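Listed here are the chains, written in short residue letters.
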Amino acid sequence: MMGLGLFILFFVVLIIAVIYIRNSIVRHYNAAQRAWADVATYERQKVKVLDGLAPLVEQYAGFEKSTLERVTELRQQIMQLNLKSTDISQLQRVESLSHELMRNLNVVVENYPELKANEIYLRMMNEIDEQNENVSAAISIFNRNVELFNNHIQIFPNNMINTLTTGKKAIRPFRDQSTLQNFDYRPNF
């Protein structure tokens, strides 16, 4: 009788452990999804600033069509970010366009010194810088949540429970390819 009691106790503990592990996989996955939504939200907040920046740049730089086109393209790419699925390649395009736009705006300012003194322009540039910092912080949080989730579904026995219950796949973290290309150091992993 005691053997049956131990077997039932073992079975109950095993079921509780499986439920706990499955729930923690779901929690980590949801945290990564929430972090992705934060990244997309911060990117979309840039749209408000870009909407005000476009006419200002147009006013000062009538022939600087490429800058205006980049503002429009960046705005469209940001609006296409999917909140439900983590499309890292799309985020990489948005970040690349954002960096390219900032470089272009600096060239426009050099060509139009009176633009540099314009208070509205300065406020918008500060706002864009702040939004870019928010996006960078959100990407760091996203990558950390992705790391935690990926670790959680890859370790034993979590990997078996994941395969049997949720079937979640590892999420790709965000990597800024343009920044990585400028690094001389390459880790050996």
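Residues numbered from 1 in each chain as written. Predicted model: local features only at pLDDT ≥ 70, side-chain atom pairs only at ≥ 80, totals over all residues. Heavy atoms only, no water.

As recorded by an unreviewed UniProt entry, the protein carries the name LemA family protein and is attributed to Acinetobacter radioresistens SK82. A UniProt comment under Subcellular location (unreviewed entry) is attached to the protein, and it reads "Membrane". Check the Sequence similarities (unreviewed entry) section of the UniProt entry for the protein; it says "Belongs to the LemA family." (UniProt positions renumbered as here; feature names shortened; annotations may be inferred.)

Its boundaries defined by the atoms lining it, the largest pocket holds a volume of some 150 Å³. The wall of the largest pocket is formed by Asn 143, Val 146, Glu 147, Asn 150, Asn 151, Pro 173, Phe 174 and Arg 175. (1 Å grid on protein atoms, 1.4 Å probe; cavity = no way out; pocket = protein on both sides within 12 Å on 5 of 7 lines; lining within 4 Å. Points joined across faces, edges and corners; volume = space filled by probe spheres on them.)

Time to look at the packing of aromatic side chains. Enumeration over the complete set of coordinates arrives at 2 aromatic pairs. Here Lys 168 stacks its cationic end above the ring of Tyr 29, 3.9 Å away from the centre of that ring. (Phe/Tyr/Trp six-rings, centres within 6.5 Å; stacked < 30°, edge-to-face > 60°. Lys NZ or Arg CZ within 6 Å of the ring centre and 35° of its normal.)

Empty pockets left among the atoms are what a rolling probe the size of a water molecule brings to light. Tallied over the full model, the rule gives 1 cavity of 30 Å³ or more. Every residue lining the largest cavity is listed: Lys 46, Leu 50, Leu 74, Ser 98, Leu 101, Met 102, Ile 128 and Asn 132. Secondary-structure elements contributing two or more residues to the lining of the largest cavity are α1 (2–60), α3 (88–111) and α5 (119–154). Residue contributions to the lining of the largest cavity peak at 3 residues, all from α3. For the lining of the largest cavity, the per-class residue count stands at 5 nonpolar, 2 polar and 1 charged. (Helix = DSSP H or I, 4+ residues; strand = E, 2+ residues; numbered from the N terminus. Nonpolar A, V, L, I, M, F, W, Y, C, P; charged D, E, K, R; others polar.)

Here we take up the environment of Gln 90. Structurally, Gln 90 can be placed in helix α3. Among the residues examined, Gln 90 registers a relative accessible area of 6% and is labelled buried. The spacing of Gln 90 and Gln 77 is 13 residues in sequence and 7.7 Å in space, taken between C-alpha atoms. Each residue touching Gln 90, except ones within four places of it in the same chain, is listed here: Gln 77, Gln 80, Leu 81 and Asn 82. (Buried < 20%, exposed > 50% of the residue type's maximum accessible area, 1.4 Å probe, protein only. Contact = heavy atoms within 4.5 Å.)

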